[in-house]
Amino acid sequence: FAVLAAIVISGVLGLLDYTEAIHLFKVHKFDFVVWCISCLGTMFLGVEVGLTIAVVVSILLVIYESAYPHTAVLGRLPGTTVYRNVKQYTEAERYHGILMCRIDAPIYFANTQHVRDKINKYERMAEETPKYVIVDLSPVSHVDTSAMHILEDMRRNYDSRGIQLCLCNPNKIVMNYLRLS
């Protein structure tokens, strides 16, 4: 049995792509975790179960990233009309009384509360209460009715406090939905 086990182990070790695992670990930790889970699941539970686990974990990661989209506070790059993430471009200029932010995903029922919370957090973190909250919708490819209700609630909330909510640069489809609502 020891010889058979040694043959199986040496065969399995030859199938593992260590260089890819090292690359995933350096580049994208989530992908590395999925690789480890699928590898261990396949080795100890069988091919079907291992692949099923890998698919389920991958789907859960997609759902998580969709429910918690990336958002950013924007500032103008000096001497240009280009606006970028102030964390990434520390030289980006921000204006007093104006909060500019961007949502980098479709807005739908699963992430509307997160989007509202992030914008409210950015407002609280501002040096002074803004007079304008400008939300760049250019990366937003879709909004559903939940998103439209949240945006309307935010507009009413800001209006009651003397702050103007400005939605800028929506694509044609998003603009049509916003007009209809």
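Bear in mind the structure is a predicted one, so any value in this text is a computation, not a measurement. (Residues numbered from 1 in each chain as written. Predicted model: local features only at pLDDT ≥ 70, side-chain atom pairs only at ≥ 80, totals over all residues. Heavy atoms only, no water.)

*Asks:* Help me out: how do you make sense of the overall build of the protein chain in this one?
*Replies:* Along the backbone of the protein chain there are seven helices and five strands. Of the regular secondary structure in the protein chain, the N- to C-terminal order runs α-α-α-α-β-β-β-α-β-α-β-α. Against the 2.2 N^0.38 benchmark of 16 Å for 181 residues, the protein chain shows a C-alpha radius of gyration of 23 Å, more extended than a compact globule. On the principal axes, the C-alpha backbone points of the protein chain span a range of 80 × 40 × 30 Å. By residue count, 32% of the 181 residues in the protein chain fall in the buried class. A sequence separation of at least 24 residues applies to 65% of the contacts in the protein chain between residues at least 6 apart. Per element, the accessible surface of the protein chain, about 11800 Å² overall, is 63% carbon and sulfur. (Helix = DSSP H or I, 4+ residues; strand = E, 2+ residues; numbered from the N terminus. Rg over C-alpha atoms; globule rule 2.2 N^0.38 Å. Buried < 20%, exposed > 50% of the residue type's maximum accessible area, 1.4 Å probe, protein only. Contact = heavy atoms within 4.5 Å. Areas by Shrake-Rupley, 256 points an atom, 1.4 Å probe, with all protein chains shown as cover.)

*Asks:* So what exactly am I meant to see when it comes to the environment of Leu137 here?
*Replies:* Summarising the element assignment, Leu137 is placed in the loop between strand E4 (132–136) and helix H6 (145–160). Between the C-alpha atom of Leu137 and that of Val174, which follows or precedes it by 37 residues, the distance is 8.6 Å.

*Asks:* Can you help me understand the packing of aromatic side chains in this one?
*Replies:* Two descriptors summarise a pair of aromatic rings, namely the distance from one centre to the other and the angle between the planes of the rings. Considering all chains together, one arrives at four aromatic pairs under this definition. Between Tyr108 and Phe109, the aromatic rings sit 5.2 Å apart at their centres with planes inclined by 85°, giving edge-to-face as the arrangement. Connected via pairs of aromatic rings, a cluster forms that spans Phe25, Phe32 and Trp35. Positioned over the ring face of Phe25 is Lys29, at 4.2 Å from the centre of the ring. (Phe/Tyr/Trp six-rings, centres within 6.5 Å; stacked < 30°, edge-to-face > 60°. Lys NZ or Arg CZ within 6 Å of the ring centre and 35° of its normal.)

*Asks:* In this structure, what is going on with the environment of Met148? I would like to understand it.
*Replies:* Topologically, Met148 is positioned in helix H6. Met148 gets classed as buried once you look at its relative accessible area, which sits at 12%. Sequence separation between Met148 and Phe109 is 39 residues, and the spatial gap between their C-alpha atoms is 9.8 Å. Leaving out residues up to four positions away in the same chain, Met148 has contacts with Val143, Tyr177, Leu178 and Ser181.

*Asks:* Teacher, can you tell me more about H6 here?
*Replies:* In an α-helix, one turn spans 3.6 residues; hence positions three or four apart end up facing the same way. With 16 residues, H6 ought to run about 22 Å at 1.5 Å a step, and its terminal C-alpha atoms sit 23 Å apart, in line with that. Those residues of H6 that fall on the buried side of the exposure criterion are Ala147, Met148, Ile150, Leu151, Met154 and Tyr158. Down the axis, H6 shows its buried residues gathered within 160° of arc, on one side only. For H6, the exposed residues set more than 90 degrees away from the buried face come down to Thr145, His149 and Ser160. Packed against the buried residues of H6 are helix H5 (112–125), E4, strand E5 (164–168) and helix H7 (172–180). Two or three places before Ser146, at the start of H6, stands the capping residue Asp144, its side-chain oxygen 3.1 Å from that residue's backbone nitrogen. Gly162, located one to two residues past H6, shows a positive phi value of around 75°. (Expected span 1.5 Å × (residues − 1). Arc of directions from axis to C-beta. Polar contact = N/O pair within 3.5 Å; in protein donor to acceptor, adjacent residues only side chain to side chain.)

*Asks:* Looking at this model, I keep getting lost on the sheet that holds strand E3 (residues 98–103). Mind explaining?
*Replies:* Two orientations exist for strands paired in a sheet by backbone hydrogen bonds: parallel and antiparallel. The five strands lie next to each other as E2-E1-E3-E4-E5, forming an open sheet whose pairing is mixed. Both edges of this open sheet fall to strand E2 (83–85) and E5, since each of them pairs with a single strand only. In this sheet, adjacent strand axes meet at a mean angle of 35° when their direction is disregarded. Relative to E4, E3 runs parallel, the two sharing five bridges. From the neighbouring strand, Met100 faces E4, where its bridge partner is Ile134. Contacts from H5 reach strand E1 (71–76), E3 and E4, with the element oriented near 150° to E3. Helix-sheet contacts for H6 involve E4 and E5, and the interaxial angle to E5 is about 145°. (Pairing = 2+ DSSP bridges. Axes fitted to C-alpha atoms, helices over the stretch in contact; angles between N-to-C directions.)

Spatial relationships are all this shows, so hold off on functional conclusions.
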